[in-house]
Amino acid sequence: MRDYPTATVRTRVRVPLRFGDGYSVDAELVTFHGLADGKEHLAVVLGEPGANPLVRLHSECLTGDVFGSARCDCGPQLREAVEQIAQRGGVLLYLRQEGRGIGLYNKLDAYALQDQGLDTYAANAALGLPEDDRDYTAAAQMLQALGIDSLDLLSNNPDKADQLRDLGITVSHRVPTGVFTTAHNVRYLRAKVLQTHHTLPLPELTAG
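Keep in mind that what you see is a predicted model, and the values were worked out from it rather than measured.

Glancing now at the sheet that holds strand E7 (residues 170-175). Pairing within the open sheet is mixed, and its seven strands lie in the order E1-E2-E3-E5-E4-E6-E7. Across the chains shown, the open sheet's two edge strands, defined by having one partner strand only, are strand E1 (8-18) and E7. Averaged over all pairs of adjacent strands, the angle between strand axes in this sheet comes to 30 degrees, irrespective of strand direction. Where helix H2 (residues 74-88) meets the sheet, it contacts strand E2 (24-33), strand E3 (42-46), strand E4 (54-59), strand E5 (90-95) and strand E6 (150-154), and its direction lies at approximately 160 degrees from that of E4. On top of the sheet, helix H6 (residues 158-166) reaches E4, E6 and E7; it is set at about 170 degrees to E7, its chief contact.

Set out below in structure tokens:
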């Protein structure tokens, strides 16, 4: 198990959330002191978390979460996660890891290469960047600061579960997210299945 410093809660504040489709829910937003990477990650506490809450680690995606980009499935996953977690009780960790950790400008540079035929991982490699540069130490710190050491993980990504377990968090089950295909993101989703073994059903990844 990897050792890492303890983080502490900095601020808790109630914020009513409202999405473009009209769905609304009250949330508690939590900030932290002492996160390992020094970034301003945010915990969104929804419903009444129990002993084994539902948790999602959601990496920030400005293009998808804010502008509704159809080139990824991030916005729909965020919307789905908030409702599922609110119904059961749990936490969404909103992690400042744009572009799987490479940053917004690099992500858009990779998009330009994808327009020339590369998949999302090959585009990163062509830029001299890692396929996935995310480290979830800060996520484990946030969970432990919230008193969570066992959870069900809402994710199709096996690396998130593996890293959390290596950081001492018990992942009891991995709960899949929906499949949100558009004419613009099918190649992206297929690459996630083939390159990093995301648990998405390949036969469903067809446009239209």
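Burial analysis of E6 places five of its five residues in the buried class, which makes it a mostly covered element. A two-sided burial pattern is seen for E6, the buried positions comprising Ser150, Asp152 and Leu154 on one face and Leu151 and Leu153 on the other. In the sheet, E4 pairs with E6 via two bridges, with the strands oriented parallel. Within E6, the position partnered with Val55 by the bridge is Leu153. Strand direction decides the pairing type here: E6 and E7, joined by five bridges, are parallel. When the bridges of E7 are listed, Ser150 appears paired with Thr170. In this region the chain leaves E6, passes through H6 and returns to the parallel neighbour E7; the handedness of that crossover is right-handed.

On to the pattern of salt bridges. Two side chains carrying opposite charge are able to pair once their charged atoms lie near each other. A full pass over the atoms with the stated rule returns eight salt bridges. Asp115 is the partner of Arg71 in a salt bridge, and the nearest nitrogen-oxygen pair spans 3.1 Å. Here Asp115 lies in the loop between helix H3 (104-114) and helix H4 (120-126) and Arg71 lies in the loop between helix H1 (62-66) and H2, a separation of 44 residues in the sequence. Owing to a relative accessible area of 26%, Arg71 belongs among the partly exposed residues under this scheme. Note that Arg88 and Asp152 form a salt bridge whose closest N and O atoms lie 2.7 Å from each other. Taken together, the residues span a long stretch of sequence, with Arg88 in helix H2 and Asp152 in strand E6 at a distance of 64 residues. Classification of Arg88 as partly exposed rests on a relative accessible area of 39%. Given a relative accessible area of 8%, Asp152 falls into the buried group. When salt bridges with common partners are traced through the structure, they connect Asp21, Arg79 and Glu83 into a single cluster.

A few words now on unusual backbone geometry. With phi around 55 degrees, Arg100 is a residue other than glycine that occupies positive phi space. Relative to the assigned elements, Arg100 resides in the loop between E5 and H3. Residue classification places Arg100 among the buried positions, given a relative accessible area of 12%.

Turning next to the packing of aromatic side chains. All told, the structure shown has one aromatic pair when counted by the stated rule. Measuring from ring centre to ring centre gives 6.2 Å for Phe19 and Tyr23, while their planes differ by 40 degrees; the resulting arrangement is tilted. Its end group placed over the ring of Tyr111, Arg71 keeps NZ or CZ at 4.3 Å from the ring centre. Looking at Arg79, its charged tip hangs above the ring of Phe19, at a distance of 5.8 Å from the centre.

Criteria and thresholds
- Residues numbered from 1 in each chain as written.
- Predicted model: local features only at pLDDT ≥ 70, side-chain atom pairs only at ≥ 80, totals over all residues.
- Heavy atoms only, no water.
- Pairing = 2+ DSSP bridges.
- Helix = DSSP H or I, 4+ residues; strand = E, 2+ residues; numbered from the N terminus.
- Axes fitted to C-alpha atoms, helices over the stretch in contact; angles between N-to-C directions.
- Contact = heavy atoms within 4.5 Å.
- Buried < 20%, exposed > 50% of the residue type's maximum accessible area, 1.4 Å probe, protein only.
- Right-handed = clockwise from strand over helix to strand, strands pointing away.
- Salt bridge = Lys/Arg side-chain N within 4 Å of Asp/Glu carboxyl O.
- Phe/Tyr/Trp six-rings, centres within 6.5 Å; stacked < 30°, edge-to-face > 60°.
- Lys NZ or Arg CZ within 6 Å of the ring centre and 35° of its normal.

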